[in-house]
Number of protein chains: 2
Amino acid sequence: MNRKELTEQIFKKKTFLCVGLDTDISKIPSHLLADDDPIFAFNKAIVDATAPYCVAYKPNLAFYESAGLKGMASFEKTVGYIKESYPHHFIIADAKRGDIGNTSAMYARTFFGEYDVDALTVAPYMGEDSVTPFLTYEGKWVILLALTSNKGSHDFQMTPFANGERLFESVLKTSQKWGDDQNMMYVVGATQGRMFEDIRKVAPTHFLLVPGVGAQGGSLQEVCKYGMTKDCGLLVNSSRGIIYAGSGEDFAATAAEKARELQAEMETELARL
Amino acid sequence: MNRKELTEQIFKKKTFLCVGLDTDISKIPSHLLADDDPIFAFNKAIVDATAPYCVAYKPNLAFYESAGLKGMASFEKTVGYIKESYPHHFIIADAKRGDIGNTSAMYARTFFGEYDVDALTVAPYMGEDSVTPFLTYEGKWVILLALTSNKGSHDFQMTPFANGERLFESVLKTSQKWGDDQNMMYVVGATQGRMFEDIRKVAPTHFLLVPGVGAQGGSLQEVCKYGMTKDCGLLVNSSRGIIYAGSGEDFAATAAEKARELQAEMETELARL
């Protein structure tokens with residue numbers, strides 16, 4: 001999915017919500033456990049209930065891998081189901097991959113060739129040749145970690161280099177030689193608040209994938225105030241705050257309600273543009 | 001496997017070779033393709049042939065994931081086979097994972113709880129809480145990326161911070177507050193040559209996992225000269241240079257020959273201690 005198609009969806013549906021499918025078998029409603037594939041059953045119900053309120057889904061690979069082969073089958077079925085039933089939703093595999101060139105090329109083939117998702121999160125530590133193999137697929141996106149939502153983001157990402165640039169700024173600047181705002185986004189945590197001002201100085205037009213609203217405590221208003229571009233430029237993710245909002249048989253309706261609330265806030269923000 | 005057990009194996013077998021199982025279905029000998037699980041058949045033959053000459057195996061997850069569920073089944077079978085048939089070999093899952101705390105905890109459960117490998121490569125970009133969940137498993141190791149073997153290592157890892165430390169040095173120093181030389185190793189590429197001197201100033205006693213000998217052009221002698229500790233402190237990996245050395249029906253014997261050559265060089269280096 002290209003940028004034009006993504007922004008069309010955002011303005012048509014008045015939302016830039018991404019629902020994170022961090023599906024943990026130990027947290028899903030007990031009545032689903034009798035199902036052949038409880039993880040897929042849960043995801044399908046969440047997707048069907050939240051699709052009107054979001055433009056993207058982000059399955060987090062860790063949660064599927066941890067269930068072994070069965071988990072990866074649930075991942076594959078989930079991606080297949082979204083693509084078939086909601087073909088205008090953007091699918092992000094949150095896998096934070098990145099390795100030497102020939103290995104990154106294998107990962108690219110897996111996620112873009114086999115699973116055929118729209119985007120993959122990638123870690124920048126290993127530099128150019130670990131990222132560029134992902135940029136050779138038409139209509140696919142690299143979402144590079146820049147400034148993450150966790151406490152550990154202060155360990156290295158915020159540290160200034162001798163030239164004054166902090167590591168995350170150097171990642172933003174250097175990576176713009178590898179790709180552009182049509183095939184590369186950045187992860188910037190909602191918990192970083194006013195740091196979005198600094199991000200936009202270095203990456204004024206790129207889409208940002210913003211985790212950390214909800215369970216992690218980030219503010220949607222602040223993210224929008226400092227991070228929004230003329231064509232929105234944001235995909236704001238909520239995982240636990242939506243998918244585990246309810247735990248009974250009506251979990252999907254409760255998730256839809258939470259997604260609708262965020263959609264309404266986003267509609268207000270989009271109206272300011 | 002703890003450090004004492006690992007070094008005992010190294011000195012008993014006079015080798016610190018790690019064989020990288022970067023098994024690519026498009027590169028394995030054609031006569032194996034008729035097998036039910038060609039990737040496992042290839043790995044089994046390579047492991048049986050090279051086991052006397054190495055102390056560790058390192059399957060690279062990208063190569064298994066790219067073959068989908070079937071590939072992950074081959075990975076699982078390979079790990080199971082090594083554990084059963086060669087229980088004194090150290091198994092490294094080369095997956096370069098790392099995410100916010102709750103997600104890293106899931107990855108840790110997958111690799112240490114389910115697959116039960118000895119070590120996992122981890123990317124440091126997201127800082128402390130992305131790494132520490134992997135350090136809570138007794139007898140298991142984090143192998144943190146420090147200075148990688150690829151060209152892209154120059155993009156960020158070599159850049160000096162304002163305090164004079166380069167990023168890789170900051171990773172080495174900071175991460176020593178999270179774990180110690182009994183549960184943490186570092187990835188340092190053999191292509192970095194004399195940089196091992198600088199590495200040893202900051203991490204004098206940690207084991208280093210050293211890729212990049214062979215196909216990538218690193219020198220074993222240089223690595224040993226500048227990187228060896230009193231108890232060896234090195235696991236030197238070769239993947240393509242061993243496993244694809246031959247392409248005929250005698251591929252395993254050819255791989256064994258290459259592994260034996262490296263073992264002989266390593267025996268010479270160990271004799272200097």
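Residues numbered from 1 in each chain as written. Chains lettered and ligands numbered in written order. Predicted model: local features only at pLDDT ≥ 70, side-chain atom pairs only at ≥ 80, totals over all residues. Heavy atoms only, no water.

**Q** Now, about the relation of the copies chain A and chain B: what can you tell me, with residues and values included?
**A** Once chain A is rotated about the relating axis by 180° and shifted along it by 0.0 Å, it coincides with chain B to within an RMSD of 0.0 Å. Classification of the inter-copy transformation places it as that of a two-fold axis. Comparing interface residues between copies, 100% of those in chain A also lie at the interface in chain B; the contact surface is shared. (Least-squares fit on C-alpha atoms with pLDDT ≥ 70 in both. Contact = heavy atoms within 4.5 Å.)

**Q** Break down the sheet that holds strand β7 (residues 208-210) of chain B for me, with residues and values.
**A** All names here are of chain B. Strand order around the closed barrel formed by eight strands is β1-β2-β3-β4-β5-β6-β7-β8, with parallel pairing between neighbours. Sheet twist, expressed as the average angle between the axes of neighbouring strands with direction ignored, equals 30°. In this structure, strand β1 (residues 17-21) lies alongside strand β8 (residues 234-238), joined through three bridges in parallel fashion. Note on β8: the bridge partner recorded for Leu17 is Val236. Where helix α5 (residues 101-114) meets the sheet, it contacts β3 (90-97), β4 (119-122) and β5 (141-147), and its direction lies at approximately 160° from that of β3. (Pairing = 2+ DSSP bridges. Helix = DSSP H or I, 4+ residues; strand = E, 2+ residues; numbered from the N terminus. Axes fitted to C-alpha atoms, helices over the stretch in contact; angles between N-to-C directions.)

**Q** Account for the interface of chain A and chain B, naming residues and giving values.
**A** Opposite the 57 residues of chain A that make contact, chain B presents 57 residues. Interface of chain A and chain B: buried area, both sides summed, is about 4900 Å²; carbon and sulfur atoms make up 59% of it. Taken together, the links from chain A to chain B amount to four salt bridges. Here A:Arg97 and B:Glu65 are joined by a salt bridge, their closest N and O atoms 3.0 Å apart. (Buried area = accessible area lost by both parts, 1.4 Å probe. Salt bridge = Lys/Arg side-chain N within 4 Å of Asp/Glu carboxyl O.)

**Q** Explain the UniProt feature "domain: Orotidine 5'-phosphate decarboxylase" (unreviewed entry) in chain A residue by residue, including any values.
**A** Within this structure's numbering, the places UniProt gives as "domain: Orotidine 5'-phosphate decarboxylase" (unreviewed entry) are residues 16-255 of chain A. Across residues 16-255 of chain A, helical content stands at 37% and strand content at 17%; the span's end C-alpha atoms are separated by 16 Å. (UniProt positions renumbered as here; feature names shortened; annotations may be inferred.)

**Q** Now, about the packing of aromatic side chains: what can you tell me, with residues and values included?
**A** Residues and elements named next belong to chain B. Applying the stated criterion to the full structure yields 23 aromatic pairs over all chains. When the centroid spacing of 4.9 Å and the interplanar angle of 85° are considered together, the rings of Phe75 and Tyr115 count as edge-to-face. Residue Phe75 is located in helix α4 (residues 68-85), and its partner Tyr115 is located in the loop between α5 and β4; the two are separated by 40 residues in the primary sequence. Neither Phe75 nor Tyr115 differs from the other in exposure class; each is buried. (Phe/Tyr/Trp six-rings, centres within 6.5 Å; stacked < 30°, edge-to-face > 60°. Buried < 20%, exposed > 50% of the residue type's maximum accessible area, 1.4 Å probe, protein only.)

**Q** Explain the side chain of B:Asp118 to me, using residue names and the numbers behind them.
**A** All names here are of chain B. Along the polypeptide, Asp118 turns up in the loop between α5 and β4. Buried within the structure, Asp118 lacks any salt-bridge partner; Lys140 is the closest side chain of opposite charge, at an N-O distance of 4.6 Å. Polar side-chain contacts of Asp118 include one of 3.2 Å to the backbone nitrogen of Met1. Look past the residues within four positions of Asp118 in its chain and what remains in contact with it is Met1, His89, Phe90, Ile91, Phe112, Gly139, Lys140 and Trp141. (Lys, Arg positive; Asp, Glu negative; His and termini not counted. Polar contact = N/O pair within 3.5 Å; in protein donor to acceptor, adjacent residues only side chain to side chain.)

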